[in-house]
Amino acid sequence: QVQLVESGGGLVQPGGSLRLSCAASGFTLDYYAIGWFRQAPGKEREGVSCISSSDGSTYYADSVKGRFTISRDNAKNTVYLQMNSLKPEDTAVYYCAADFDGIATMFPYEYDYWGQGTQVTVSS
């Protein structure tokens, strides 16, 4: 059974850090591009970051560039999103997704599998 499971969300103060994990089961992440997306209440789902399957190229939304880092550990079949200098506007449900064609993209409709999401709340 193909499954993606996110973890690592929680409540953090502005300026704090969190590391989200996206663990895959039922398939090997190596061959997939992985994207992180987020959705705040009343807003559309937006791309945060993605990483390709081939050369590990990474991409970031302008709003998180310099603060977030995406990485993959193929041995653990897991992708991470390190989030530093968090802001209240980063509050959202964060989702990871896998794209079988391996091409990293920030468009949600390109992705084949999705996790259930993890809540990130940045508040004092």
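Higher on the page you've got the structure.
Chains are numbered independently. Their residues run from 1 in the order of the written sequence. The predicted origin of the model limits local features to residues at a pLDDT of at least 70 and limits the giving and counting of side-chain atom pairs to 80 or more, whereas totals for whole chains, interfaces and linings rest on all residues. Side-chain numbers come from the whole structure's heavy atoms, not from hydrogens or water.

## Details of the pattern of salt bridges
And then number 1: Any carboxyl oxygen of Asp or Glu within 4 Å of a side-chain nitrogen of Lys or Arg constitutes a salt bridge here. With the rule as written, the count across this model stands at four salt bridges.
And then number 2: A salt bridge links Arg38 to Glu46, with the shortest nitrogen-to-oxygen separation between them at 2.6 Å.
And then number 3: Owing to a relative accessible area of 5%, Arg38 belongs among the buried residues under this scheme.
And then number 4: Taking relative accessible area as the criterion, Glu46 reaches 35% and is therefore assigned partly exposed. With a 1.4 Å probe rolled over the protein chains alone, any residue whose accessible area is under 20% of its type maximum counts as buried; one over 50% counts as exposed, and the rest are partly exposed.

## Considerations on the pairing of strand E4 (residues 33-39)
And then number 1: Every helix listed is a DSSP run of H or I at least four residues long, and every strand listed is a run of E at least two residues long, numbered separately from the N terminus. With respect to burial, E4 is a largely interior element, six of its seven residues being buried.
And then number 2: Here E4 runs beside strand E9 (residues 92-99); their pairing, made up of seven bridges, is antiparallel. Within the sheet, the bridge partner assigned to Ile34 lies in E9 and is Ala98.
And then number 3: Where E4 and strand E5 (residues 46-51) come together, five bridges link them in antiparallel fashion. For Ile34, the partnering residue across the bridge sits in E5 and is Ile51.
And then number 4: Strands pair, by our definition, only if DSSP identifies at least two bridges between them. Following E4, the chain reverses through six residues before pairing antiparallel with E5; Gly42 in that reversal takes a positive phi of roughly 80°.

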